[in-house]
Amino acid sequence: MPNGVLIFGEATEDGKLVAITAELSGAAAALGGPVTCALLGSGVEGVAEEAGQYGAEKVILVDDPILKDYQGDAYLPVAERIAKEIDPAVILFGQTMIGRDLAPRLAQRLGTAVAMDCVALSMEGDKLLAERPAYGGAARARYTFNGTPQIATVRVKALDAPAASGSAEVVKQDAGVSADQVRTTITGRTKPESTGIRLEDATVVVSGGRGLGGPEAFQQLEELAGVLGGAVGASRAVCDLGWYPVAAQVGLTGKMVTPDLYIAIGISGASQHMAGISSVKNIASVNKDADASIFKASRWAVVHDWKEFMPLFLEEVKKVKAG
Amino acid sequence: MPHIICFVKQVPDPETPASQFKVDEDAKKVIPAPGVQPVPSQFDTIAVEAALRIKDNHPDSTITVVSLGPDQFRDTIKHCLAMGVDEGVHINDPAVNDADHWATAEVLAATVQKLGDYDLVLAGRQSVDWDMGVVGSTVAEILGIPIVTIAKQIDYAGDKVTVERVLLDGFETVEAPTPCVVTVSNELGEPRYPQLRQIMQAAKKEVKAWTLADLGISAPQNRVNIEALYVPDTSVETEVIEGETAQEKAATLAQRLSDAKLI
Ligand SMILES: Cc1cc2nc3c(=O)[nH]c(=O)nc-3n(C[C@H](O)[C@H](O)[C@H](O)COP(=O)(O)OP(=O)(O)OC[C@H]3O[C@@H](n4cnc5c(N)ncnc54)[C@H](O)[C@@H]3O)c2cc1C
Ligand SMILES: Nc1ncnc2c1ncn2[C@@H]1O[C@H](COP(=O)(O)O)[C@@H](O)[C@H]1O
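Small disclaimer: the values here were computed from a predicted structure and weren't measured.

**Some words on a nonpolar patch on the surface**
Residues and elements named next belong to chain B.
Piece 1. Among the surface-exposed residues, Leu 196, Ile 199 and Met 200 lie close enough to one another that they form a single nonpolar patch of about 340 Å² accessible area.
Piece 2. Residue position: Met 200 is located in helix 5 (residues 196–204).
Piece 3. The class of Met 200 is exposed, set by a relative accessible area of 57%.

Written as structure tokens, this is what we have:
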């Protein structure tokens, strides 16, 4: 009988545990456990113990140079072997770059299915109920599976991470993957130079949309974000137009952000954009159209042309900050 | 002669205003908004654009679009033909009207196999109705060929492709041997829009209509069930910031944010 929950934790390339590991551990424990955490990578041994502090009984550590940069062909055989050995009822991944790529392939290898980008999970007997947004967030769907293991990827920051407590047994395994199994080759990487606070970590996000009319306006947004100690985000329309870097895109196919305050300027509030801020409680929006759908999700609505409003608002914020 | 196969599906227009978006909770289906026509799934026409860009550089390429769905999906195939695709295959069989993503992937993989010689299979990173993002990867696994996901650029060079992938922060260049599957994201750019002349030409292009019998397979089992579908309530209590002038509104909003200890 398949039993328990297998989660795939993640560590950054410079060897820090990624928060999704704790979020998945909490979710897995809530489903009833017992929880096994698989941790794959290169130079990740240092965080194996930490990965076991959020509810897992066992951490399977596979630390191997072949797993350094994520490549599906290298990770998949390891994931498949661990899944078969643990024989869990449920497998959880984060809806991360890795989870997005690996979970569907693993599901097919195991002859089962995966519900992607889930925001709520529960058990009904031995059935996993996996709830996920669809239609860009306009709808919610609840899935069940016809076989096991039942696999889900979990949206980043959708579930609370438990506090660290307890510890797990760490079991080391070899990757057992040879270079010729990896058919793809990574030949280059470009990272945007990090300017200040990461969007994902910011407590204030000032975000701009197509209503800003051009790239120049983002200077004002950057200034406001600077005063507030926050970061600048953008709608997909803006990134597609090349007004602001793709890495700033908030939404379904961009980043999920969870600031305390989200200020949306010239953004209409399409469901796919709102998907990126679904757990933000305080949204203030500026739009000249009183019927803009962003207002329905906003705690504060300013119906005004941003061009006139923004410079004045910046001054008012500066006054508040100056006390 | 490169042969590129693109998977395209049809979806309710994702830009349908929230106020018109409704679901039938019993049937667990979306109720089409009155007067809003279904459209090709956005990432799929971008995949077709990717194929056409390869054809621009390799004019001897053949591009085939494959679509699994009911009668009206033919419009989406016609749209792709008008964009410049060479031929269309419409898998239309009531036995797979309610196919889930895995049954869909089985049928699409069988179609690729029946088409035979191919160098590249392109799919959308996710379909814009269910937003699942699994069919491309599943087909790659069924066919036993490599996959590269979330592409913003694809350079084809015979025995390999060089793909620029979108990461959460930055980009990555990956080489994969052909044949392989690549899934395409919006960062690739806008799909070209058919001109009237092309629409007329497309009328003459062939759309093959195949059933599962033509593929020599029976209907694959679904692996998931949708138990519930509903519209979540995301509305909050909104305060419209009052004021005669922009200055007043700016001062009031700053005050509210300060009162709420948010700034
Ligand atoms: C599958 C899929 C995935 C997607 N993923 C994402 C995603 O991750 N993120 C995302 O953002 N979008 C995403 N989208 C796109 C989304 O549907 C919208 O098209 C997009 O969010 C619109 O961006 P916008 O609000 O900036 O532009 P618009 O919708 O054009 O809105 C501009 C707004 O600015 C207002 N405005 C204009 N002038 C002024 C002015 N002078 N002052 C004040 N207000 C003004 C207008 O009233 C309008 O409301 C996705 C779409 C699909 C189909
Ligand atoms: N019924 C279908 N017909 C043709 N292609 C499809 C179909 N369903 C999914 N696809 C392809 O698979 C991609 C991902 O779909 P999904 O995994 O359902 O999100 C889509 O963008 C299409 O390219």
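Next, the rest of the story.
**Here we look at the site of ligand 2**
Residues and elements named next belong to chain B.
Piece 1. As a matter of local geometry, ligand 2 sits amid 18 residues, with Asp 44, Ser 127, Gly 133, Val 134 and Val 135 nearest to it.
Piece 2. Contacts to ligand 2 include Leu 68, whose backbone N or O atom sits 2.8 Å from a nitrogen atom.
Piece 3. In isolation ligand 2 offers 480 Å² of accessible surface; the protein chains occlude 97% of this area.
Piece 4. A breakdown of the residues in the shell around ligand 2 according to their chemical character gives nine nonpolar, seven polar and two charged.

**Here's the deal with the side chain of Gln108(A)**
Piece 1. Within the element layout of this structure, Gln108(A) appears in helix 4 (residues 97–109).
Piece 2. Those residues within four positions of Gln108(A) in sequence are excluded, and the remaining contacts are Trp102(B), Glu106(B), Thr138(B), Glu141(B), Ile142(B) and Arg223(B).

**Topic: the site of ligand 1**
Piece 1. Around ligand 1, the surrounding shell holds 29 residues, and the nearest of these are Arg210(A), Ser235(A), Ser268(A), His273(A) and Asn287(A).
Piece 2. With respect to ligand 1, the chains having nearby residues are chains A and B.
Piece 3. Gly211(A) places a main-chain nitrogen or oxygen 3.5 Å from a nitrogen atom of ligand 1.
Piece 4. In the complex, the protein chains occlude 88% of the 990 Å² of accessible area that ligand 1 would expose alone.
Piece 5. Elements supplying a minimum of two residues to the shell around ligand 1: helix 6 (236–240) and helix 7 (271–274) of chain A together with helix 1 (42–57) of chain B.
Piece 6. Within the shell around ligand 1, the residues separate by chemical class into nine nonpolar, 14 polar and six charged.

**Observations regarding the packing of aromatic side chains**
Piece 1. Inspection of every chain in the model, using the stated rule, returns six aromatic pairs over all chains.
Piece 2. Judged by centre distance (4.9 Å) and plane angle (65°), the rings of Tyr70(A) and Tyr75(A) are edge-to-face.
Piece 3. According to the relative accessible area criterion, Tyr70(A) is buried, its value standing at 10%.
Piece 4. Summarising the aromatic geometry, the rings of Tyr135(A) and Trp130(B) are spaced 5.2 Å apart at their centres and angled 70° between planes, so their arrangement reads as edge-to-face. Taken together, the residues span two chains, with Tyr135(A) in the loop between strand 7 (127–134) and strand 8 (139–145) and Trp130(B) in the loop between strand 8 (120–124) and helix 4 (135–143). Summarising the burial analysis for this pair, Tyr135(A) and Trp130(B) share the class buried.
Piece 5. The structure contains a cluster of three or more aromatic residues connected by ring pairs, namely Tyr135(A), Phe21(B) and Trp130(B).
Piece 6. The ring of Trp210(B) carries Lys114(B) above its face, with NZ or CZ at 5.0 Å from the centroid.
Piece 7. The ring of Phe43(B) has Arg125(B) lying over it, and the distance from NZ or CZ to the ring centre is 5.9 Å.

**Structural notes on the interface of chain B and chain A**
Piece 1. Contact residues are listed per partner, giving 76 residues for chain B and 77 residues for chain A.
Piece 2. Carbon and sulfur atoms make up 57% of the surface buried where chain B meets chain A, a total of about 6800 Å² over both sides.
Piece 3. Contact with chain A buries area across many residues of chain B, yet Glu141(B), Leu168(B) and Arg223(B) alone supply 10% of it, more than any other trio.
Piece 4. Between chain B and chain A we count five salt bridges in total.
Piece 5. Salt-bridge contacts for Arg189(A) lead to Glu172(B); the nearest nitrogen and oxygen are separated by 2.7 Å.
Piece 6. Here chain B is connected to chain A by 37 residue pairs in polar contact (both at pLDDT 80 or more).
Piece 7. For the side of chain B that touches chain A, the leading source of residues is helix 7 (residues 246–259) of chain B, giving ten residues.
Piece 8. For the side of chain B that touches chain A, the class distribution of residues is 43 nonpolar, 17 polar and 16 charged.
Piece 9. With two bridges joining them, strand 16 (residues 300–303) of chain A and strand 15 (residues 239–240) of chain B adopt parallel strand pairing.

About the cut-offs
- Residues numbered from 1 in each chain as written.
- Chains lettered and ligands numbered in written order.
- Predicted model: local features only at pLDDT ≥ 70, side-chain atom pairs only at ≥ 80, totals over all residues.
- Heavy atoms only, no water.
- Patch = residues over 30% accessible without salt bridge, like charges linked within 9 Å, V, L, I, M, F, W, Y side chains within 5 Å.
- Areas by Shrake-Rupley, 256 points an atom, 1.4 Å probe, with all protein chains shown as cover.
- Salt bridge = Lys/Arg side-chain N within 4 Å of Asp/Glu carboxyl O.
- Helix = DSSP H or I, 4+ residues; strand = E, 2+ residues; numbered from the N terminus.
- Buried < 20%, exposed > 50% of the residue type's maximum accessible area, 1.4 Å probe, protein only.
- Near = heavy atom within 4 Å.
- Polar contact = N/O pair within 3.5 Å; in protein donor to acceptor, adjacent residues only side chain to side chain.
- Nonpolar A, V, L, I, M, F, W, Y, C, P; charged D, E, K, R; others polar.
- Contact = heavy atoms within 4.5 Å.
- Phe/Tyr/Trp six-rings, centres within 6.5 Å; stacked < 30°, edge-to-face > 60°.
- Lys NZ or Arg CZ within 6 Å of the ring centre and 35° of its normal.
- Buried area = accessible area lost by both parts, 1.4 Å probe.
- Pairing = 2+ DSSP bridges.

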